[in-house]
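# What the coordinates show
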Amino acid sequence: MIQIKEYKNQFMNILFASSEAHPLIKTGGLADVSGSLPPALRQLRQDCRLILPGYPVAIEKAGDLKVVAELEFPGYSGPARILEGLLPGTRVPLYLVDAPLYFNRAGDPYRASNGHDWQDNHQRFALFSLAIASLAMDQAGLDWKPDILHCNDWQTGLAPALIHDRHDRPVSIFTIHNLAYQGLFPLHAFHELSLPQHLWAPHYMEFHGHFSFIKGGLVFADHITTVSKTYAEEIRSQEYGYGLEGLLEYRKDNLSGILNGIDTRTWNPEKDKYLEANYSLDDLGGKQQNKLAIQRAMGLQENADIPLVSHIGRMVEQKGVDLILHAMRTLLERRSIQLAMLGSGEKHFEQHALQLQADYPGSVGVHIGYSEQLAHLIEAGADLFLMPSRFEPCGLNQMYSLRYGTPPVVRRTGGLADTIVDTTPETLAAGRANGFSFDLPHVDELIACTERALDCLTDKNCHDSLIYNGMSQDFSWERSAREYLDLYRQLM
Ligand code: ADP
Ligand code: GLC
């Protein structure tokens, strides 16, 4: 008993490795997680530190930085300097890997402005992983040794492989945020990396004739997590496993799901600085002002009585953007409703969305691009939020929607299945209903589900219950961080 107590109070050193983190650089939910989980772990009195590539925008936004190490890696041009600072707005120590030849370029972290992946991504993220491994083994001269190395997604997948046979290494954890992105490169790219030859083997990091970064995490990490319990099950099946289901099934005893939290300070309708009017469960008045503001901002007819359906996200097949666009075309013919859509991604989806806007002027508002401000305003002003994802490891927008009193309409998969309780007479009576969900990624199912949701908006009892149930739920990071902490402790 005494032993357990001492163990439970133990502080841990945790190195959290990610290729993006809010507010320094963001392309999707990974950045939200990497910007929130390390501070939440620090709140739980753990010494959690974050390591990221030194993209120019990250260096600029990080503010005060000092050079604390200079690392040389054979086969790479120039030294990689380790810059130390703090993740803005937190007390989380931040290490940026400053290797200008690899990271000092405009565009997003993975792609050039022409939309194609950077040709040398294998070298960029191998270098990043080498730097992570140096810090993990306390070989960078920082006099700080992590007990836990927590890696995220393929960009960090090589790090657990690089340290797996080292004496006195930290426990390694690899979190899958999205199995669809695996970091696959041809054989010649593997040769360019000067890695131990034995890694090129089907039971290690080779994957059907390619070198797979993500397999470094999946094969060598002591434990694998993903960002919801349902997705942790789904990825062991052919439908969701992208060819890795066999490996994940093999590792099932070391694979678990921990649901993400949301940043309840940034996403708080009572204090949100991006809103036209703040509001709360006790005083929902401001919600309508936000609706009028979003209608104005997106060229929609200004009328609070017209139901406003919305979507925010990367315009890719995963998110079911095509399902939204097809379903909305039918629904716009059937009912007086509006659509507000924010996102960017594959060109054909962007064009299709803009076409819908042209066909239904005043009823469809589309903004192609990235805008924090619009994202917050849409969450606050819309009546419903659509998320018919084909797969969704966790998903954050459905949780933002709940918190903003905007019931989500989702496909029952991954984190969406774990957070949204479909509205039925039973779930309503039990006070659990918070949104609407359907099973198959088919347009007809999305249409039928959205119709149910629209009907609920006109039924005061139903609508009020959903708003109450959603807005009073707790999705704070503290709960998730405690689960990670329990896992770290078990693994040690
Ligand atoms: P994913 O990581 O698969 O893209 P998530 O739901 O986990 O999906 O997270 C997406 C995050 O990115 C959310 O914080 C969402 O608000 C944000 N986001 C996506 N597209 C945009 C956009 N065009 N403008 C502003 N925020 C966006
Ligand atoms: C991924 C997933 C998304 C998840 C996010 C953060 O990008 O697509 O479902 O919420 O990572 O874990």
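Residues numbered from 1 in each chain as written. Chains lettered and ligands numbered in written order. Predicted model: local features only at pLDDT ≥ 70, side-chain atom pairs only at ≥ 80, totals over all residues. Heavy atoms only, no water.

The subject of this paragraph is the overall build of the protein chain. Within the protein chain, the secondary structure is distributed over 21 helices and 18 strands. Here the C-alpha atoms of the protein chain give a radius of gyration of 23 Å, agreeing with the 23 Å that 2.2 N^0.38 yields for 492 residues. Each of the three principal axes of the protein chain carries a C-alpha extent, and together these read 65 × 55 × 45 Å. Here the protein chain holds 492 residues, and the buried ones make up 59% of them. For the protein chain, the proportion of contacts with a sequence separation of at least 24, taken over those separated by at least 6, is 69%. For the protein chain, the accessible surface area stands at approximately 20200 Å², while carbon and sulfur atoms represent 49% of it. (Helix = DSSP H or I, 4+ residues; strand = E, 2+ residues; numbered from the N terminus. Rg over C-alpha atoms; globule rule 2.2 N^0.38 Å. Buried < 20%, exposed > 50% of the residue type's maximum accessible area, 1.4 Å probe, protein only. Contact = heavy atoms within 4.5 Å. Areas by Shrake-Rupley, 256 points an atom, 1.4 Å probe, with all protein chains shown as cover.)

Counted under the stated rule, the structure contains 1 disulfide. Between the sulfur atoms of C456 and its disulfide mate C462 the distance is 2.2 Å. Of note, the bridge from C456 to C462 carries an S-S torsion of about -105° and is left-handed in sense. Residue C456 is classed as buried on the basis of its relative accessible area, which comes to 5%. (Disulfide = S-S within 2.5 Å.)

Taken together, 13 residues form the shell around ligand 2, and within it H177, N260, E392, C394 and G395 come nearest. Between N178 and ligand 2, the recorded distance is 3.4 Å, taken from a side-chain N or O atom to an oxygen atom. At a separation of 3.0 Å, an oxygen atom of ligand 2 approaches a polar backbone atom of C394. Here ligand 2 loses 93% of its free accessible area of 310 Å² to cover by the protein chains. Ranked by residues supplied to the shell around ligand 2, first place goes to helix α2 (residues 29–43) with 3 residues. Looking at the shell around ligand 2, its residues break down into 5 nonpolar, 6 polar and 2 charged. (Near = heavy atom within 4 Å. Polar contact = N/O pair within 3.5 Å; in protein donor to acceptor, adjacent residues only side chain to side chain. Nonpolar A, V, L, I, M, F, W, Y, C, P; charged D, E, K, R; others polar.)

Here the focus is the sheet that holds strand β9 (residues 206–207). Pairing is antiparallel in the open sheet, where 3 strands are placed in the order β8-β10-β9. Strands with a single pairing partner mark the edges of an open sheet, and in this sheet they are β8 (184–185) and β9. Pairing between β8 and strand β10 (residues 210–212): 2 bridges, direction antiparallel. Across the sheet, residue F185 finds its bridge partner in β10, namely F211. Where helix α8 (residues 213–220) meets the sheet, its contacts fall on β8, β9 and β10, and the angle it forms with β10 comes to roughly 55°. (Pairing = 2+ DSSP bridges. Axes fitted to C-alpha atoms, helices over the stretch in contact; angles between N-to-C directions.)

A few words on the site of ligand 1. Residues in contact with ligand 1 amount to 20 residues; listed here are only the nearest, G29, R314, K319, G369 and L396. At 2.6 Å from an oxygen atom of ligand 1 is found a main-chain nitrogen or oxygen belonging to G29. A distance of 2.8 Å is found between a nitrogen atom of ligand 1 and a backbone nitrogen or oxygen belonging to G369. Burial of ligand 1 by the protein chains amounts to 92% of its free accessible area of 560 Å². Tallying contributions element by element places strand β13 (residues 308–315) first for the shell around ligand 1, with 3 residues. When grouped by side-chain class, the residues that make up the shell around ligand 1 number 6 nonpolar, 9 polar and 5 charged. Composition of the shell around ligand 1 by domain shows at least three residues from each of domain 1 (13–261 + 477–491) and domain 2 (285–471). (Domains from an automatic or database assignment.)

This paragraph deals with helix α5 (residues 121–136). Helix length check: α5 (16 residues) gives 22 Å between terminal C-alpha atoms against 22 Å at 1.5 Å per residue, within 8%. α5 sits mainly inside the fold: 15 of its 16 residues count as buried. D138 sits one or two residues past α5 and shows a positive phi near 55°. (Expected span 1.5 Å × (residues − 1).)

What follows deals with the domain arrangement of the protein chain. As assigned here, the protein chain comprises domain 1 (13–261 + 477–491) and domain 2 (285–471). Here the C-alpha centre of domain 2 lies 32 Å away from the C-alpha centre of domain 1. Taken together, the 20 residues of domain 1 in the interface contact 18 residues of domain 2. For the pair domain 1 and domain 2, the summed buried area comes to about 1400 Å², and 55% of that belongs to carbon and sulfur atoms. Our count for the domain 1 to domain 2 interface comes out at 0 salt bridges. Mapped by element, the contributors of at least two residues to the side of domain 1 that touches domain 2 are α2 and α9 (229–234). Here the element with the most residues in the side of domain 1 that touches domain 2 is α9; it accounts for 4 residues. (Buried area = accessible area lost by both parts, 1.4 Å probe. Salt bridge = Lys/Arg side-chain N within 4 Å of Asp/Glu carboxyl O.)

Before going further, it helps to spend a moment on the nonpolar core. It is characteristic of soluble globular proteins that their nonpolar side chains tend to be buried jointly. By size, the foremost hydrophobic cluster in this structure holds 96 residues, and its most contacted members are L158 and F211. Sort the elements by how many residues they give to this core and α5 lands first, with 10 residues. Apart from the residues within four sequence positions on either side, F211 is in contact with L158, G183, L184, F185, F190, L193, L195, L199, W200 and M205. (Core = buried A, V, L, I, M, F, W, Y, C linked by side-chain atoms within 4.5 Å.)

Before going further, it helps to examine the pairing of strand β11 (residues 223–226). The alternating pattern of β11 places H223 and T225 on one face and I224 and T226 on the opposite face, and all of these are buried. As paired strands, strand β7 (residues 171–176) and β11 are joined by 4 bridges and run parallel to one another. Within β11, the residue paired with F174 across the bridge is I224. Pairing of β11 with strand β12 (residues 255–257) involves 3 bridges; the strand directions are parallel. Bridge assignment links T226 to a residue of β12, and that residue is G257.

We now examine the packing of aromatic side chains. In total, this model carries 18 aromatic pairs according to the counting rule given. A centroid spacing of 5.3 Å and a plane angle of 75° characterise the contact between F125 and W154, whose relative ring orientation is edge-to-face. Within this pair, whereas F125 is found in helix α5, its partner W154 is found in the loop between β6 (148–152) and α6 (158–163), the two being separated by 29 residues in sequence. For W154, a relative accessible area of 8% puts it in the buried group. Between W267 and Y400 the ring centres are 3.8 Å apart and the planes differ by 10°, which places this aromatic pair in the stacked class. Taken as a pair, W267 in the loop between β12 and α12 (285–297) and Y400 in helix α16 (residues 397–403) lie far apart in primary sequence, 133 residues in all. Summarising the burial analysis for this pair, W267 and Y400 share the class buried. Ring pairs connect the aromatic residues Y55, F103, Y110, F125, W154, F185, F190, W200, F211 and F213, which therefore count as one cluster. The ring of W118 has R105 lying over it, and the distance from NZ or CZ to the ring centre is 4.8 Å. (Phe/Tyr/Trp six-rings, centres within 6.5 Å; stacked < 30°, edge-to-face > 60°. Lys NZ or Arg CZ within 6 Å of the ring centre and 35° of its normal.)

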